[in-house]
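Descriptive structure summary
Now for the letters of each chain:
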Amino acid sequence: MDFIKHWTLNICLTLIIAVIFSVLSPKGNMGKYFKIVIALFVTVSFIYPIAEGNIDLKSEFSSLYGFAQEQENYEDTYKKIIENQIKSLLAENGYESCLVSSRLKINNEEITVEEISISVPDSYDSEKIKNLIYKKLGFAVQVKYIGE
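So, here is what we can say about the structure in this document. (Residues numbered from 1 in each chain as written. Predicted model: local features only at pLDDT ≥ 70, side-chain atom pairs only at ≥ 80, totals over all residues. Heavy atoms only, no water.)

**Examining the overall build of the protein**
Just so we agree on the cut-off: Strands are runs of DSSP state E lasting at least 2 residues, helices are runs of H or I lasting at least 4, and numbering of each runs from the N terminus. The classification of residues rests on relative accessible area computed with a 1.4 Å probe and restricted to protein chains. Under 20% of the type maximum is buried, over 50% is exposed, and intermediate values are partly exposed. Any two residues whose heavy atoms approach within 4.5 Å are treated as being in contact. Methods summary: accessible areas were calculated by the Shrake-Rupley approach with a probe of 1.4 Å, and residue burial reflects only the protein chains presented.
A count of helices and strands for the protein gives four helices and three strands. The order of helices and strands in the protein, counted from the N terminus, is α-α-α-β-β-α-β. Within the protein, the fraction of its 148 residues that count as buried is 23%. At a minimum sequence separation of 6, the contacts of the protein that also span at least 24 residues come to 55%. Accessible surface, the protein as shown: approximately 10900 Å² in total, 59% of it carbon and sulfur.

**Considering helix 1 (residues 2-24)**
For clarity, the threshold we go by: A helix is expected to reach a length of 1.5 Å times the quantity of its residues less one.
Across its 23 residues, helix 1 extends 33 Å between first and last C-alpha, which sits within 8% of the 33 Å expected from 1.5 Å per residue. For helix 1, the complete set of buried residues consists of I11, T14 and A18.

**Quick notes on unusual backbone geometry**
Phi at S97 takes a positive value of approximately 55°, unusual for a residue other than glycine. In this fold, S97 is placed in the loop between helix 3 (57-92) and strand 1 (99-107).

**Notes on the pairing of strand 2 (residues 110-120)**
Definition in use: One bridge is not enough; two strands pair if DSSP finds at least two bridges between them.
With nine bridges connecting them, strand 1 and strand 2 associate as antiparallel partners. The partner of I106 across the bridge, within strand 2, is I111. Linking strand 1 to strand 2, which pair antiparallel, is a turn of two residues; within it N108 sits at a positive phi near 55°.

None of this, on its own, says anything about what the molecule does.
Next up, the structure:
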């Protein structure tokens, strides 16, 4: 990431210098040659760092890739925590063999629970399960019967 910062800074400085020389360039035939030289200078300043071959794009963007992987791991961890809390609450209240799945979204260090669905056997009352989870954990859930 450091390379990209330096490259961007160099490009900006090159463009500022090119604009200054362009304004100061003479008029007429000599001015045309002067502007061609400035254009070549700008082009070389863009291409030189890449042509030099000192960059490793994999390492430059690895921090971004690592951040994305880390965020995905956080999402899986929080998902498992929520699902385990719901499963243990259901088991404590006599609701066994329930399947819990959830969908979360993490954005700017904020966790949003998009959906929690619970699949239960036909013998369980879905309204009691919804109310139990809402009262104890504060989650509004969708309860489906396993046959559905």
